[in-house]
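Letter by letter, the chains look like this.
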Amino acid sequence: MGVSDLYERLKDDLHRFARSIARHEQEANDLVQDAVLKALREEQLHTLPDYKQRAWFFRVMKNKMIDERRKEKRLTEWEDDLDFSIQGAAHSHLEITELLSHLPQETSDLIFKRYWLGLTSQEIGSQLGLPAATVRYKLHLAIKKLRTVLEEEK
């Protein structure tokens, strides 16, 4: 019996479980797909009894969902930490330009792309050939520097 036969036998249960833990239909379909892909690599799965096969799929989908939620939470926390309004600190484009002049060109470009163009760290990273985490780290350092500059000016 192959994975396709196993999937056909468990399809209704898998989709029902995935819909019960997912936020929307697309996420549920992704969970099922990821579980089936993992099943293709799991050779011992076919030797298990039916109830253990079903439990294996449920556990894989639940763990995948938990991993995705943790990943989203980390990214959201980073994005919240990077939510720094330069425009609130300065009142004109001239003041903003002067404030950004305290940063190296590369860093001020990151600030520009993130806060004026509204790009995500993932999009900036793909443009510059950097990991998104590196972009977030550099933005974090730039914001720290800008806060220091603003505090010194007050």
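Going by what an unreviewed UniProt entry lists, the protein is known as ECF subfamily RNA polymerase sigma-24 factor and is assigned to Neobacillus vireti LMG 21834. UniProt lists a comment for the protein under the heading Sequence similarities (unreviewed entry), and it reads "Belongs to the sigma-70 factor family. ECF subfamily."

Peer 1: Help me understand the packing of helix α6 (residues 105–116) against helix α8 (residues 132–153) in this model?
Peer 2: Where α6 contacts α8, the axes come no closer than 10 Å and their chain directions differ by 100°. It follows that α6 is roughly perpendicular to α8 by the angle criterion. Of α8, the residues touching α6 (which contributes Glu 106, Thr 107, Leu 110, Ile 111, Arg 114 and Tyr 115) are Val 135, Lys 138, Leu 139, Ala 142, Ile 143 and Leu 146. Among the residues forming the contact of α6 with α8, the class breakdown is eight nonpolar, one polar and three charged.

Peer 1: Explanation requested: a negative patch on the surface in the structure shown.
Peer 2: A cluster of acidic residues, Glu 95, Glu 98, Glu 151, Glu 152 and Glu 153, forms a negative patch on the protein surface. Contributing elements (two or more residues each) for the negative patch: α5 (93–100) and α8. The dominant element in the negative patch, judged by the number of residues it contributes, is α8, at three residues. Locating Glu 153 in the fold gives a position in helix α8.

Peer 1: Help me understand the packing of aromatic side chains, please; the structure alone is not making it clear to me.
Peer 2: Aromatic rings in a pair are described by how distant their centres are and how their planes are angled relative to each other. Taken as a whole and judged by the stated rule, the model has three aromatic pairs. Ring centres 5.1 Å apart and planes at 90° place the aromatic pair Trp 56 and Phe 57 in the edge-to-face group. Under the relative-accessibility criterion, Trp 56 is labelled buried at 9%. The cationic tip of Arg 114 hangs over the ring face of Tyr 115; the distance from NZ or CZ to the ring centre is 5.3 Å.

Peer 1: Explain the nonpolar core here, please?
Peer 2: The tendency in soluble globular proteins is for nonpolar side chains to be buried as a group. Ranked by size, the top nonpolar core spans 18 residues in total, and within it Phe 57 and Met 61 carry the most contacts. For this core, the secondary-structure elements that each account for two or more residues are α1 (3–21), α2 (25–41) and α3 (50–81). Among the elements that line this core, the one with the most residues is α2, at six residues. Leaving out residues up to four positions away in the same chain, Phe 57 has contacts with Leu 6, Leu 10, Leu 14, Ala 35, Val 36, Ala 39 and Leu 45. The next biggest cluster of nonpolar side chains, apart from the first, holds 15 residues, and it includes Leu 103, Leu 119, Val 135 and Leu 150.

Peer 1: Looking at this model, I keep getting lost on the side chain of Ser 108. Mind explaining?
Peer 2: Examined against the element boundaries, Ser 108 turns out to sit in helix α6. Accessibility expressed as a relative area gives 10% for Ser 108, which makes it buried. The contact partners of Ser 108, leaving out residues within four places of it in the chain, are Leu 100 and Leu 103.

Peer 1: Got a minute to help me understand the environment of Lys 138 in this structure?
Peer 2: Relative to the assigned elements, Lys 138 resides in helix α8. Sequence separation of Lys 138 and Thr 107 is 31 residues, and the distance between their C-alpha atoms is 7.1 Å. Excluding anything up to four places from it in sequence, Lys 138 contacts Glu 106, Thr 107, Leu 110 and Leu 130. Within the structure, the side chain of Lys 138 is placed 2.8 Å from the side chain of Glu 106, a separation counted as a polar contact.

What counts, and at which threshold
- Residues numbered from 1 in each chain as written.
- Predicted model: local features only at pLDDT ≥ 70, side-chain atom pairs only at ≥ 80, totals over all residues.
- Heavy atoms only, no water.
- UniProt positions renumbered as here; feature names shortened; annotations may be inferred.
- Axes fitted to C-alpha atoms, helices over the stretch in contact; angles between N-to-C directions.
- Helix = DSSP H or I, 4+ residues; strand = E, 2+ residues; numbered from the N terminus.
- Parallel < 35°, antiparallel > 145°, perpendicular 65-115°, else oblique.
- Contact = heavy atoms within 4.5 Å.
- Nonpolar A, V, L, I, M, F, W, Y, C, P; charged D, E, K, R; others polar.
- Patch = residues over 30% accessible without salt bridge, like charges linked within 9 Å, V, L, I, M, F, W, Y side chains within 5 Å.
- Areas by Shrake-Rupley, 256 points an atom, 1.4 Å probe, with all protein chains shown as cover.
- Salt bridge = Lys/Arg side-chain N within 4 Å of Asp/Glu carboxyl O.
- Lys, Arg positive; Asp, Glu negative; His and termini not counted.
- Charge placed at Lys NZ, Arg CZ, Asp CG, Glu CD.
- Phe/Tyr/Trp six-rings, centres within 6.5 Å; stacked < 30°, edge-to-face > 60°.
- Buried < 20%, exposed > 50% of the residue type's maximum accessible area, 1.4 Å probe, protein only.
- Lys NZ or Arg CZ within 6 Å of the ring centre and 35° of its normal.
- Core = buried A, V, L, I, M, F, W, Y, C linked by side-chain atoms within 4.5 Å.
- Polar contact = N/O pair within 3.5 Å; in protein donor to acceptor, adjacent residues only side chain to side chain.

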